[in-house]
Protein chains: 2
Amino acid sequence: MTNQQSSIDNKAQENTGQISPQVPPPPDGASNVLREVIASDPASVLERQKAFGIVPQNNAEWLAFIAADDEAKAKEVQAVIDEAAVSVERDEIEGVAVYHVIPDEIDPKHEDHLFVHVHGGAYVLGGGVGCVAEALVIALATKMPALSIDYRMAPRNPYPAAVDDVVNVYRHLLTQRPARSMAMGGSSAGAGISLSAIQQLIELDVDMPGALFIGTPGSDLSGSGDTFHTNQGVDRNIPTYDGVLEAMFELFAGGLDLKDPRISPIYGDFAGFPPTFLVTGTRDLFLSNTVRTHTKLRQAGAVADILVLEGVSHADYLVELASPESQLFLSELDRFFTQYLRFSSRPAEKVLARMSSALGLSLRLEPSASS
Amino acid sequence: MTNQQSSIDNKAQENTGQISPQVPPPPDGASNVLREVIASDPASVLERQKAFGIVPQNNAEWLAFIAADDEAKAKEVQAVIDEAAVSVERDEIEGVAVYHVIPDEIDPKHEDHLFVHVHGGAYVLGGGVGCVAEALVIALATKMPALSIDYRMAPRNPYPAAVDDVVNVYRHLLTQRPARSMAMGGSSAGAGISLSAIQQLIELDVDMPGALFIGTPGSDLSGSGDTFHTNQGVDRNIPTYDGVLEAMFELFAGGLDLKDPRISPIYGDFAGFPPTFLVTGTRDLFLSNTVRTHTKLRQAGAVADILVLEGVSHADYLVELASPESQLFLSELDRFFTQYLRFSSRPAEKVLARMSSALGLSLRLEPSASS
């Protein structure tokens, strides 16, 4: 921190940023589905805030905490896989565990595309088959194949293991298919790791994917940002930074400062980023993380679109899948992928066939001068 | 309100939405200019919140309050006009007072464009020459001519006077120039009135302007929305809805319900809207108003881009003009206008001259096979 910044902070020393946790009423601007969820939930936001204050005290406690969480998640996700019209298969690429997520039905426009998914879980949780949860949602909604990376995590493997795994898998995929046929991304920690991986790939001068998806990202893990204050005790999924969340970020950082640009990519460089779609909500603890990332991208000259959803907490769009908010997110993401993904080695006759059919359409629509 | 909604509100009855006013510290993600402003200001946010609680009690008090505010603003704006490289001339169109705002220097790409400006001021303030303040900022930054509409206001002229004036001026301009050569818009009340005017113009089947600018809009005047709670006592420009702000909205509504779609356009139809650029910030009391409008536009299939600025309160981008936040806003707005405005009756030779020069450039840039 510079001296100037520190003097600014001193001037504002009365402000601890501790706003009394109090959940606003369900907003009129949210869907009835989301309003019902919010209305039934305010007490549990406070309970969850207390739960987030409990931090495992040693390595054994961490490993037990992680194992319990991963096991529950795996059971839930496996049940979905068993019922859904999708195949999920474990594989290894460059020594990294990955899952191929292939919906039974593929949209022809996405037949050559691949969503390279980086899961969330606060840099510590969500390993094993549970890592595919978000990939399942997105692959099924967009009817597009996905590959979910089960990257190594803390406390066993702190930074840079996770980022290295994503970089290595992506570089391997590049030997098999054009860069612009792939989208990369994920939510929360998955978005933070994706940002770091892209920054590293740019440094390595590797071709960028056609599109990037950044959902409510861990772009600043230091807890700095307006909405860490204004949405404390408001976000129903992660009500507070203080406690287990910060502790998990410290595990990931493995001794590096939480403001180090390798840990918090918001402090890194955004020049050369691919077209990026971002999503957050008005109750999201990471709303500031998301809008700051969007602004950095725009300042760096990247194509970057952001969707901010009323009443939506951190990653709610993956939780309340029946909500119109989630449906809007999925259709906007699909539109973005469709706009920016390409398959440059597609045979010329396929492209020409499409073009002539489009020309035929426009000719048919042309108003006739003689009529 | 439907029975279902009312039952949802009852479930959440413990939540009054009254969050203790407490200003978060200056966020690391804001520029130093903005951080300094925020750091020097937290006490005054609370004072301003108290001031916003004081409401004129009768017509005479309102008129005195308005006259004092308009006079101070006019003096400030006139001083800028006298010094800046711009000409400002009062005129009348269809009986409505307007101001032509013509910068001395016009960007060639904007020479045929016009920004039709609708000023803010909570539907009651900002009349007279003071109405051009925002038009001056945007015209000088984009080097583009503007026309600022000094529409009629409450309490003398409640709804629909303001919207009618904007609609009538726009329809008159349409007799002189192509619709897509014009952008419309403004901030706060100006954005709310612009939304209502566009909705009315769509109903009248009138050609849409090429672009719309919607800054932190009065799209829901009923005080509904998450950030009326989470940013209460946080927004340094309009710290609270309760008090004079709500009272001014009631004056504008002139007896209509604040949730009437004619008063709060968020409850109206968004089909057929032109490409729209929106801006807000993480401390904005109207952040929810802005993101809800963006979402409605996207759901209706419109082109709509939103910029959410860290640390920025209601319309700060017009207040802290030296801040990088304001500069980013102005350059993004210029980019948006440049992308979507057209002058369709431009002589063909002008268009062709540009095209051949662009082709020449691309030929010169083409890598030579023989070199």
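None of these values were measured; they are calculated from a predicted model.

J.: Quick rundown of the overall build of chain A? Include the residues and the values.
T.: Each helix and strand counted, chain A has 13 helices and 8 strands in total. Taking all 371 residues of chain A together, the buried fraction comes to 57%. When contacts within chain A are restricted to residue pairs at least 6 apart in sequence, long-range pairs at least 24 apart make up 78% of them. If you sum the accessible surface of chain A, you get close to 14,700 Å²; carbon and sulfur atoms cover 52% of it.

J.: I'd love a proper account of the nonpolar core, names of residues and values included.
T.: In this structure, A:Tyr151, A:Phe249, B:Tyr151 and B:Phe249 are the most contacted members of the largest nonpolar core, which totals 131 residues. The residues contacting B:Phe249, other than those within four sequence positions of it, are B:Ala122, B:Tyr123, B:Leu221, B:Tyr241, B:Leu258 and B:Phe286.

J.: Give a detailed account of the pattern of salt bridges, specifying residues and quantitative values.
T.: A complete count under the given rule lists 26 salt bridges over all chains for this structure. For the salt bridge of A:Arg283 with B:Asp226, the shortest nitrogen-to-oxygen distance reads 2.5 Å. Taken together, the positions of A:Arg283 in the loop between strand S7 (276-281) and helix H10 (287-299) and B:Asp226 in the loop between strand S6 (211-215) and helix H8 (227-230) put the pair across two chains. Judged by its relative accessible area of 1%, B:Asp226 falls in the buried class. Here A:Glu332 and A:Arg335 are joined by a salt bridge, their closest N and O atoms 3.5 Å apart. Taken as a pair, A:Glu332 and A:Arg335 lie in helix H12 (residues 324-340) at a separation of 3 residues, close to a single helical turn.

J.: I'd love a proper account of empty space enclosed by the protein, names of residues and values included.
T.: Enumeration according to the criterion identifies 5 cavities of 30 Å³ or more in this entry. Taken as a whole, the largest cavity encloses approximately 130 Å³ of empty space. Lining the largest cavity are 18 residues, and of these A:Asp305, A:Ile306, B:Ala304, B:Asp305 and B:Ile306 lie nearest its centre. Counting residues per element, the ones that place at least two in the lining of the largest cavity are H10, strand S8 (304-309) and H12 of chain A together with helix H10 (287-299), strand S8 (304-309) and helix H12 (324-340) of chain B.

J.: Describe the packing of aromatic side chains, naming the residues involved and giving the relevant values.
T.: Residues and elements named next belong to chain A. Taken as a whole and judged by the stated rule, the model has 28 aromatic pairs over all chains. Ring centres of Phe115 and Phe337 lie 5.7 Å apart, and the angle between their planes is 40 degrees; on these two criteria the pair is classed as tilted. Note that Phe115 is positioned in strand S3 (residues 114-118) and Phe337 in helix H12, a separation of 222 residues in sequence. For the pair Phe115 and Phe337, one class covers both residues: buried. Here the aromatic rings of Phe270 and Phe273 are separated by 5.0 Å at their centres, their planes lie at 35 degrees, and the arrangement is tilted. Residue classification places Phe273 among the buried residues on the basis of a relative accessible area of 7%. Taken together, the ring pairs connect Tyr123, Tyr159, Phe228, Tyr241, Phe249, Phe252 and Phe286 into an aromatic cluster.

J.: Outline the sheet that holds S6(B), listing residues and values.
T.: Residue and element names in this part refer to chain B. Pairing in this open sheet of 8 strands is mixed, and the strands run S1-S2-S4-S3-S5-S6-S7-S8 from one edge to the other. Edge positions in the open sheet fall to strand S1 (86-93) and S8, since each of these has one partner strand only. Here the strands of the sheet are splayed against their neighbours by 20 degrees on average, with no regard to which way each runs. Where S6 lies against strand S7 (residues 276-281), 4 bridges are found, and the strand directions are parallel. Looking at the pairing, Gly215 lines up with Val279 of S7. The sheet contacts of helix H5 (residues 133-142) involve S1, strand S2 (96-103), strand S3 (114-118), strand S4 (146-149), strand S5 (182-187) and S6, and relative to S2 the element is tilted by about 30 degrees.

J.: Could you give me a rundown of unusual backbone geometry, with the residues and numbers involved?
T.: All names here are of chain A. Put simply, Tyr159 and Pro160 share a cis peptide bond, and its omega is 10 degrees. If you trace the backbone, Pro160 turns up in the loop between strand S4 (146-149) and helix H6 (161-174). Notably, Glu94 is not glycine yet its phi reads approximately 55 degrees, a positive angle. Within the secondary structure layout, Glu94 lies in the loop between strand S1 (86-93) and strand S2 (96-103).

J.: Could you give an account of the packing of H6(A) against helix H7 (residues 189-203) of chain A, naming the residues involved and the relevant values?
T.: Residues and elements named next belong to chain A. In the contact formed by H6 and H7, the axes pass within 9 Å of each other and the chain directions differ by 60 degrees. Here H6 lies oblique to H7, going by the angle between them. Crossing hand, H6 versus H7: right-handed. Facing Ala162, Val163, Asp164, Val166, Val167, Tyr170 and Arg171 of H6, the residues of H7 in contact are Ile193, Ser196, Ala197, Gln200 and Leu201. A breakdown of the residues in the contact of H6 with H7 according to their chemical character gives 8 nonpolar, 2 polar and 2 charged.

J.: How would you explain the pairing of S1(B) if you had to name every residue and give the values?
T.: Regular strands show a simple pattern: their side chains alternate between the two faces of the sheet. Residue and element names in this part refer to chain B. Here S1 pairs with S2 via 8 bridges, running antiparallel. By the bridge assignment, Arg90 is partnered in S2 with Tyr99. Following S1, the chain reverses through 2 residues before pairing antiparallel with S2; Glu94 in that reversal takes a positive phi of roughly 50 degrees.

Calculation notes
- Residues numbered from 1 in each chain as written.
- Chains lettered and ligands numbered in written order.
- Predicted model: local features only at pLDDT ≥ 70, side-chain atom pairs only at ≥ 80, totals over all residues.
- Heavy atoms only, no water.
- Helix = DSSP H or I, 4+ residues; strand = E, 2+ residues; numbered from the N terminus.
- Buried < 20%, exposed > 50% of the residue type's maximum accessible area, 1.4 Å probe, protein only.
- Contact = heavy atoms within 4.5 Å.
- Areas by Shrake-Rupley, 256 points an atom, 1.4 Å probe, with all protein chains shown as cover.
- Core = buried A, V, L, I, M, F, W, Y, C linked by side-chain atoms within 4.5 Å.
- Salt bridge = Lys/Arg side-chain N within 4 Å of Asp/Glu carboxyl O.
- 1 Å grid on protein atoms, 1.4 Å probe; cavity = no way out; pocket = protein on both sides within 12 Å on 5 of 7 lines; lining within 4 Å.
- Points joined across faces, edges and corners; volume = space filled by probe spheres on them.
- Phe/Tyr/Trp six-rings, centres within 6.5 Å; stacked < 30°, edge-to-face > 60°.
- Pairing = 2+ DSSP bridges.
- Axes fitted to C-alpha atoms, helices over the stretch in contact; angles between N-to-C directions.
- Parallel < 35°, antiparallel > 145°, perpendicular 65-115°, else oblique.
- Left-handed = near helix turned anticlockwise from the far one by under 90°.
- Nonpolar A, V, L, I, M, F, W, Y, C, P; charged D, E, K, R; others polar.

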